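What follows is each chain in one-letter form.
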Amino acid sequence: MPNRSSDALFQLIKSLEKSEKRNFKLYITRNSSSEDLKSIQLFDALDKMDEYDEVQLLNKNKNLRKAQLSNAKAHLYREILSSLSSDSAGRKH
């Protein structure tokens, strides 16, 4: 049974404004590694979903195995929070 709409990462991505999503992509590509590129693919896949469906996510991202998903999501979550904190720090006067 898919874990629909209860995934914290999915909810975080869906709560981001368009400008925050753009800033995240700029932030992650500045320090791109192969893991970061997977993060962008995971981010895009989650962003396109209307409801969280792990099976569909794995089917659309063949380079991501089920065993890797938890770590990949945790890494992406930290990267998003990091990009948001660096963005808000840049806005302070």
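Here the structure is shown first, and the text comes after it.
Model, not experiment: these values are computed from the prediction.

A look at the overall build of the protein chain
- Check the secondary structure of the protein chain and you find 5 helices and 0 strands.
- Written out in order from the N terminus, the α and β elements of the protein chain read α-α-α-α-α.
- Counting across all 93 residues of the protein chain, residues that qualify as buried make up 33%.
- In the protein chain, of all internal contacts separated by at least 6 residues, the share reaching a separation of at least 24 is 67%.
- In the structure as shown, the protein chain presents an accessible area of about 6100 Å², 49% of it carried by carbon and sulfur atoms.

Some words on helix 2 (residues 18–30)
- The terminal C-alpha atoms of helix 2 lie 19 Å apart, and with 13 residues this matches the ideal 18 Å at 1.5 Å per residue to within 8%.
- Turning to helix 2, its buried residues number three or more, namely Lys21, Phe24, Tyr27 and Ile28. The arc that holds every buried residue of helix 2, seen down its axis, measures 125°, which confines them to one face. Exposed residues on helix 2 whose side chains face more than 90 degrees from its buried face are Lys18, Arg22 and Arg30.

Comments concerning the pattern of salt bridges
- By the definition in use, this model includes 4 salt bridges.
- Across the pair Lys73 and Asp7 runs a salt bridge whose closest N-O atoms are separated by 2.6 Å. Residue Lys73 is found in helix 5 (residues 66–91), and its partner Asp7 is found in the segment before helix 1 (8–15); the two are separated by 66 residues along the sequence.
- Here Asp44 ties to Lys25 by a salt bridge, and the two come within 2.6 Å at their closest N and O atoms. Of the two residues, Asp44 sits in helix 3 (residues 34–48) while Lys25 sits in helix 2, which places them 19 residues apart along the sequence.

Side note on helix 1
- Regarding helix 1, the residues found buried are Leu9, Phe10, Leu12 and Ile13. Axial view of helix 1: buried residues confined to an arc of 160°, hence all on one face.
- The N-capping residue of helix 1, defined by a side-chain oxygen 3.2 Å from the backbone nitrogen of Leu9, is Asp7.

The rules behind the values
Residues numbered from 1 in each chain as written. Predicted model: local features only at pLDDT ≥ 70, side-chain atom pairs only at ≥ 80, totals over all residues. Heavy atoms only, no water. Helix = DSSP H or I, 4+ residues; strand = E, 2+ residues; numbered from the N terminus. Buried < 20%, exposed > 50% of the residue type's maximum accessible area, 1.4 Å probe, protein only. Contact = heavy atoms within 4.5 Å. Areas by Shrake-Rupley, 256 points an atom, 1.4 Å probe, with all protein chains shown as cover. Expected span 1.5 Å × (residues − 1). Arc of directions from axis to C-beta. Salt bridge = Lys/Arg side-chain N within 4 Å of Asp/Glu carboxyl O. Polar contact = N/O pair within 3.5 Å; in protein donor to acceptor, adjacent residues only side chain to side chain.

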